[in-house]
Amino acid sequence: MNKHRNMPICKRLILIIILSVIVQGMTGSNPFLPMLKKNYRQYAKQLITYRTQLDFTMEQSEADTLMAQINEAARIAGTSQWKLEAQLMHITYKFRYKTRHQPGNRYNADSVAIDFEKLEQNAINAADTLMQIRVKRELMNLNYHFIKNYAQAFDIANQLYTDLNHVDAQELPDKLLIYTDMASMYYHFRDYDQAEDILLQIVEQVNHTDTLNLLPNTYNTLGLIQSKHHNNPGEAEKQFRNILALPPQGNESPQHIEAWEAIARGNIAQLYARQGRHQEAIKLATFACETMQRLNDYSFAQDMATLVASICLKPDAKNLQMAHQYIEKARNYARKTYLNSQKQELFSVMARYYTLTANTNQAIAYADSAEEARNQYNRQYNTLVLTRAEQRLHQKDHEAQQLQLKAQQTRATWLQHLINTAALALAIIGTLLIALAILYRRKHIAYRHLAQKAQNWAKQQNTIENKEKETENALSTEEIELMQRVAQLVEKERIFTQPELTLIDLANRLEINRTYLSAAINHCTGQSFSNYLAQLRVREAVRIMSDPQNAKLTIDSVAFNAGFSDRHNFYRAFKRETGLSPTAFRNNIDK
């Protein structure tokens, strides 16, 4: 009897021992447990690596194991910090395996945004500033890359720019990565001044022993800005040579080092080609072409092959055989890359080649192809800019539109009730007529409302005092004094009406550093110098068109008098600031 009563107890003891061994084995292999008593800066890089692997390389079973481990770590830690870490990892997990591996699943980018917003609120409740910044970055990239809500993405970028000024890179290792994301956005939208300011901050703050390897890309983008935007080949070459001078990082592969060397030398080759240093350019470009071909980067290899071919078609370096050889290489690389925007330069080179070889039909055909590729690229960019402007206008006017819509709906309901008391035939006809009238009036009222808003906005003074009240961070005395000088020079002396005015010109006239001036304008006005200048010019254009005495002025004359150099920039800036085209504004202002 005693023996039988003791058997279940023995079994239970054995089971407990087995489970303890299993739990100890699981706990010992849990990579998150050693992180629990550390600050975020001490485990950030490892955590970023796990999230990247989870997002791109892990199999389902590995991902499930990782999620079980971080959940276990959060339970053992019992802190809000690790609960938030587990939530952040869980969103990445769901987006990876539900959205990408389960077709038709409703957990899409919009669902991810909702989860990130909830996580951000949890971080606010827990007073976890670092997590708030990290989640904002996720929301910024999600809106930019997946949802395509560019206005929202740039609004978040502005918030992050302010937040990051109060956080040290040692405390938040992600800081420079966030700067890189932001700079890429601004560069893509050709806001080169803002992109350059952010990239220079990366250079100033990066630790050269860091394993994030941010400097090659940073120097490269700075060089491209100097070359294409500032037209400063000397400074551009300096930035590209900074890449070649970087010491190798311990975690870099030989292929990664070779790729950046090829990119740097290839970009220098482009500078030399524009300077007429053709032999030096060919030597560097062929090196870059062969290296990138070997590394299977056919996009850059195509650029370099096209560059060599274009040089060989120049009168002082004419070599049609070599040009044809590299055209064929470029065409072969083009078939292996998805970047159609690069083909415009190749088509232009081919048109010149066939012109020199007296093949008129081919020359005309490729000239037309180059023009179409160029127009297609410009259309894609213009669509992005217009989309961002429309989204920005929608965000600004959303509340007003909601109130207006509610009033219109109330009126429509009343009218519908009145019409329903009449005969059925009259009710149907009346309903159709009223519906058409409402649609027309809605458009007409909306346009007149936007025109009135633009006129009121143009009458306001964009003062430093008003800006200081709107921001949480008080402006420094130096910034206020500097902006007063800027306002005196730009607004009161009206030099903004000079189409050729640049940030460098303004800095020279004020005898201050251009970068400091750009930062002060950004902090005081909330926008880059180019946008600040465009806003002043749009205000002036609104004032000009609002004056009945200027009714006979053409739109081009208005643009020139306001300081715009061409119609395209005028229309784009006017639409961004007012929501209307200049023509629509003029047609809807009070006569």
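Residues numbered from 1 in each chain as written. Predicted model: local features only at pLDDT ≥ 70, side-chain atom pairs only at ≥ 80, totals over all residues. Heavy atoms only, no water.

K.L.:
How would you explain the overall build of the chain if you had to name every residue and give the values?
P.N.:
Helix and strand content of the chain: 26 helices and zero strands. Buried residues in the chain amount to 43% of all 591 residues. Across the chain, contacts joining residues at least 24 apart in sequence account for 64% of those joining residues at least 6 apart. Accessible area for the chain stands at about 32,200 Å²; split by element, carbon and sulfur atoms hold 53% of it. (Helix = DSSP H or I, 4+ residues; strand = E, 2+ residues; numbered from the N terminus. Buried < 20%, exposed > 50% of the residue type's maximum accessible area, 1.4 Å probe, protein only. Contact = heavy atoms within 4.5 Å. Areas by Shrake-Rupley, 256 points an atom, 1.4 Å probe, with all protein chains shown as cover.)

K.L.:
Explain empty space enclosed by the protein residue by residue, including any values.
P.N.:
For the structure shown, the criterion picks out one cavity of 30 Å³ or more. Lining the largest cavity, in full, are Leu 224, Ser 227, Lys 228, Phe 240, Asn 267, Gln 270, Leu 271 and Arg 274. At the level of secondary structure, the elements contributing two or more residues to the lining of the largest cavity comprise helix H10 (215-228) and helix H12 (254-274). Here the residues of the lining of the largest cavity are counted per class, giving three nonpolar, three polar and two charged. (1 Å grid on protein atoms, 1.4 Å probe; cavity = no way out; pocket = protein on both sides within 12 Å on 5 of 7 lines; lining within 4 Å. Points joined across faces, edges and corners; volume = space filled by probe spheres on them. Nonpolar A, V, L, I, M, F, W, Y, C, P; charged D, E, K, R; others polar.)

K.L.:
Break down the pattern of salt bridges for me, citing the residues and quoting the values.
P.N.:
Per the counting criterion, the structure on display carries 17 salt bridges. Note that Glu 138 and Arg 51 form a salt bridge whose closest N and O atoms lie 2.9 Å from each other. Taken together, the positions of Glu 138 in helix H6 (residues 129-147) and Arg 51 in helix H2 (residues 40-56) put the pair 87 residues apart, joining distant regions of the chain. Judged on exposure class, the residue Glu 138 and its partner Arg 51 are both buried. With its nearest N and O atoms 2.8 Å apart, the salt bridge here joins Arg 134 to Glu 85. Of this pair, Arg 134 sits in helix H6 while Glu 85 sits in helix H4 (residues 80-99), placing them 49 residues apart in sequence. This pair shows no difference in class: Arg 134 is buried, exactly as Glu 85 is. (Salt bridge = Lys/Arg side-chain N within 4 Å of Asp/Glu carboxyl O.)

K.L.:
Break down the packing of helix H9 (residues 192-205) against H10 for me, with residues and values.
P.N.:
Axis separation between H9 and H10 bottoms out at 10 Å; the angle between their running directions is 145°. For the pair H9 and H10, the sense of crossing is left-handed. Contact residues: H9 offers Tyr 192, Ala 195, Glu 196, Leu 199, Leu 200, Ile 202 and Val 203, while H10 offers Leu 215, Thr 218, Tyr 219, Thr 221, Leu 222, Ile 225 and Gln 226. Class assignment for the residues of the contact of H9 with H10 results in 10 nonpolar, three polar and one charged. (Axes fitted to C-alpha atoms, helices over the stretch in contact; angles between N-to-C directions. Left-handed = near helix turned anticlockwise from the far one by under 90°.)

K.L.:
Would you mind going over the side chain of Arg 51 in detail, with residue names and values included?
P.N.:
Arg 51 gets classed as buried once you look at its relative accessible area, which sits at 17%. Discounting chain neighbours no more than four positions away, the residues touching Arg 51 are Leu 88, Met 89, Thr 92 and Glu 138.

K.L.:
Would you mind going over the packing of aromatic side chains in detail, with residue names and values included?
P.N.:
The full count for this structure, using the stated rule, is 20 aromatic pairs. Considering the side-chain rings of Phe 574 and Phe 585, the 5.6 Å spacing of their centres and the 65° angle between planes classify their relative orientation as edge-to-face. Here the residue Phe 574 occupies a position in helix H25 (residues 567-578), and Phe 585 occupies one in helix H26 (residues 582-588), the gap between them amounting to 11 residues. Here Phe 574 and Phe 585 have matching classes, each one buried. One aromatic cluster is present, built from ring pairs that chain together Phe 32, Tyr 40, Tyr 43, Tyr 50 and Trp 82. The ring of Phe 287 has Arg 265 lying over it, and the distance from NZ or CZ to the ring centre is 5.7 Å. Positioned above the aromatic ring of Tyr 272 is the side chain of Arg 277, whose terminal nitrogen or guanidinium carbon lies 3.7 Å from the ring centre. (Phe/Tyr/Trp six-rings, centres within 6.5 Å; stacked < 30°, edge-to-face > 60°. Lys NZ or Arg CZ within 6 Å of the ring centre and 35° of its normal.)

K.L.:
Break down unusual backbone geometry for me, with residues and values.
P.N.:
The backbone of Arg 190 shows a phi angle near 65°, a positive value even though the residue is not glycine. The topology assignment puts Arg 190 in the loop between helix H8 (175-188) and H9.

Remember that the coordinates give geometry; whether it matters functionally is a separate question.
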